[in-house]
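Structural overview
Each chain, written out:
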Amino acid sequence: MTAADHPGRPPTLRADQFRQLSEITRLINEGGDFRDVLVRLTEGVCRHSHWAISSVMVMDTDRQLSISTVRFDQFLTASGRRSTMQWDLSSSPVREVVSRGRPLVISDAASQDKYAAFRDDARARGYHTVVLVPLKFPDEEGRAIVLSVLANEVVEVDEVELSFLQCLADLADVAVRRMQALREERAEAERLRAITTNLTSALTTTLDPDHATDLYGSLSRLFPTGWFAIDLTTGQMLCDPADAAPLLRALAHRLPESVVRTAMKADTDLGDQNVRLMVGDETHAALMRPLFIDGSRVGALFLLGAAQLAPNEQIAADAGQLALSTLILRNYMMFRTREQASRRLILRLCQGDLRDLGSLRDEARLLGFELDQPMFLVGLRSPGGAVAGEDAHSFVLRTAQRTLGKAISCRDEGEICLLIRDGEDMRSAKQRELFIQRIRPILPDAIALLSDRIDQLDQVAPAREACAWNLQVAEKMGARGWVDRRNVGSLPSLMAGLSSRVADRFLTDTIAWLTEDGTDKGEAMLQTLEAYLATGRRPQETADLLGIHVSTLRYRIGRLTERAGVDLNDPEECFQLELALRLHRFRTSYR
């Protein structure tokens, strides 16, 4: 820059300088990428203004350096080529410019001592006046950057010149933001293309059971943060077997009841729900989407680590929801077809309709069940007669098949009735308890009644009749879990015919003074009274049965008669007490 270029030059020269902005703008806008924009900015400044050198400097705080990443010097000398492109940040003005957010003018870089690195570089390359202007955008690594222009002589920089340089910085900002917007649009288009590709791939495999893993892989590409689904028609988790995430491995090893209960809360009216899943000792955030078929809930899709979906993610989620619902549709339709056939078969057996045994056996074989082999009948009932939906029924049947053996089932008057082939698992109390645990998320308070073994088909109808009655008895007695004929017999059936109010009043009038105590001493007195009545009120036999001295027994009996005001020599009062004790024991045996 010469003396003629001093800010005191004629106004026509200044006007020409600003007219050059259009040419610089054209240069900048033709940039193909981020670095190209910066190269064109530095070149345009030098070619269309009076500055000799221009560069873009980066503030690298990690390495504590200021680095010249782009430089334009049309008269670069040999010494200039050998000069360094980076300086210690503490001896460079870049940090000050970035922190102030305003341009900085150094009148003569070669003669000042504040910025030693700049001084040494200015002397080596022969420049003097320097202006540094902060740029509003960072580089591709997120670091702050500064535009610098250099003059070969000492010149005065006035407000007009600073405005010109600031205008160039703003033009670069506009160009970079436009480029970033285009890049985001291209990335968005690429994501949508990938979603469409994966959706097409997913939908082409949903109805092919041999390519389920292909579907899962496509869904993993749709949901890179992780996903899994609960199929309530089978009671199983669906996930990509190639995904080795610890959470998915833990879920595949054992599906927690809490996760199934959460899936049961999926609702189309609520849409996407943010949920927290307890798996082991850890809590995981997920977005849950319901999976419905023909108005029936069949499962739920869980997107891990997602709190809210962007528009393109919504498309991916819709695609995954459709693909999984279509996949489950196969199992769902298979179950509905089998359910109808099972219902016809089981109801005929339960009604004693054995007129065409050949057709019955053929229908059973189509369901994979042999009627000529020993079996058990299991009845399931929820308190209050709550009717199990198709999802719950399917879940129960699949769970029974996995834990107890070959089974068929149907829903009948608010109950689920299962015929299960006799086998080691069916006779195992541990497996039966496992079955109850597995269905608890679906039927939390279920009552399950097991019949005696059925060896002949004509035994099914009476077994079903007894099962239905005893389930009602068990419900009135407050039963939960497994119940069998050992604690449901003639007397409790008779007692179950009483209303709860009448039974409670009877117990209050007879033995409430013993049962409400709740202490070990109260329980000992209750056992004493039971044993005394059971032995026909014979003191020595009662004492031997309880393992106590006969004088201790007489003391307890005296305390009982004194406290309750009963006459244990009166057969009528003794009968009422014995009846009350049995009713009390029957009730507590269910809880």
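In this report, we go over the structure that sits alongside the text. A quick note: this is a predicted structure, and the numbers were derived from the prediction, not measured.

A look at helix α10 (residues 257-264)
Looking only at α10, the buried set comprises V259, V260, T262, A263 and M264. As for α10, its buried residues are in contact with β7 (227-231), α9 (246-253), β9 (273-279), β10 (282-293), β11 (296-304) and α13 (390-403).

Quick notes on unusual backbone geometry
In this structure, Q64 takes a positive phi of about 55° despite not being glycine. Located in the positive-phi region is R537, a residue other than glycine, with phi close to 65°. Take R537: it is sitting in the loop between α20 (520-534) and α21 (539-546).

Observations concerning the pairing of β7
Taken across its five residues, β7 has five buried, putting it largely inside the fold. Taking every second residue as pointing to the same face, both faces of β7 are buried, with W227, A229 and D231 on one and F228 and I230 on the other. Pairing of β7 with β11 involves five bridges; the strand directions are antiparallel. If you follow F228 over to β11, its bridge partner there is F302. Note that β7 and strand β8 (residues 236-238) share three bridges and pair antiparallel. Directly across from D231, in β8, lies its bridge partner Q236. In textbook terms, the turn of a hairpin is the stretch between consecutive antiparallel strands, and for β7 and β8 this stretch comprises four residues, one of which, G235, has a positive phi near 75°.

Describing the pairing of β9
Residues of β9 alternate between two faces, with Q273, V275, L277 and V279 buried on one and N274, R276 and M278 left unburied on the opposite face. Across seven bridges, the pairing between β9 and β10 is antiparallel. Paired with V275 across the two strands is A286, which belongs to β10. The loop that links β9 with its antiparallel partner β10 comprises two residues; one of these, G280, has a positive phi angle of about 65°.

Regarding the sheet that holds strand β3 (residues 86-88)
What the six strands build is an open sheet, ordered β3-β2-β1-β6-β5-β4; its pairing is antiparallel. Each edge of the open sheet carries a strand with a single partner, namely β3 and β4 (104-106). Going across the sheet, the axis of each strand differs from the next one's by a mean of 25°, ignoring polarity. Strand direction decides the pairing type here: β4 and strand β5 (residues 130-134), joined by three bridges, are antiparallel. Paired with I106 across the two strands is V130, which belongs to β5. Sitting on the sheet, helix α3 (residues 34-47) is in contact with β1 (53-60), β2 (65-73) and β6 (145-150), with an inclination near 60° to β2.

Topic: the nonpolar core
Membership of the largest hydrophobic core comes to 45 residues, with the highest contact counts inside it found for F228, F302, L380 and L418. Sorting elements by how many residues they give to this core places α13 first, with five residues. The contacts of F302, once residues within four sequence positions are left out, are G226, W227, F228, I230, V259, T262, A263, V275, L277, A286, L287 and M288. Membership of the second largest hydrophobic core comes to 31 residues, among which are V131, V157, L168 and A172.

Observations regarding the sheet that holds β7
Pairing is antiparallel across the open sheet formed by five strands, whose spatial order is β8-β7-β11-β10-β9. Every interior strand has two partners, whereas the edge strands, β8 and β9, have only one. Across the sheet, the axes of successive neighbouring strands diverge by a mean angle of 35°, strand direction being ignored. Here helix α11 (residues 311-350) sits on the sheet and contacts β7, β8, β10 and β11; the angle it forms with β10, its principal contact strand, is near 65°.

Re the environment of Q236
Inspection of the secondary structure assignment puts Q236 in strand β8. When the C-alpha atoms of Q236 and F395 are compared, they prove to be 8.8 Å apart, with 159 residues separating the residues in sequence.

Quick look at the side chain of T510
The topology assignment puts T510 in helix α18 (residues 500-510). In this structure T510 touches Q576, L577 and A580, once residues within four positions along its chain are discounted.

Details of the pattern of salt bridges
All chains considered together, the criterion is met by 28 salt bridges. Ionic pairing is found between R119 and D113, a salt bridge with its closest N-O pair at 2.9 Å. E339 is the partner of R411 in a salt bridge, and the nearest nitrogen-oxygen pair spans 3.4 Å. Of this pair, R411 sits in strand β13 (residues 407-412) while E339 is found in helix α11, placing the two residues 72 residues apart along the sequence. On the accessibility criterion, R411 (25% relative accessible area) is partly exposed. Residue class for E339 comes out buried when judged on its relative accessible area of 11%.

Basis of the calculations
Residues numbered from 1 in each chain as written. Predicted model: local features only at pLDDT ≥ 70, side-chain atom pairs only at ≥ 80, totals over all residues. Heavy atoms only, no water. Buried < 20%, exposed > 50% of the residue type's maximum accessible area, 1.4 Å probe, protein only. Helix = DSSP H or I, 4+ residues; strand = E, 2+ residues; numbered from the N terminus. Contact = heavy atoms within 4.5 Å. Pairing = 2+ DSSP bridges. Axes fitted to C-alpha atoms, helices over the stretch in contact; angles between N-to-C directions. Core = buried A, V, L, I, M, F, W, Y, C linked by side-chain atoms within 4.5 Å. Salt bridge = Lys/Arg side-chain N within 4 Å of Asp/Glu carboxyl O.

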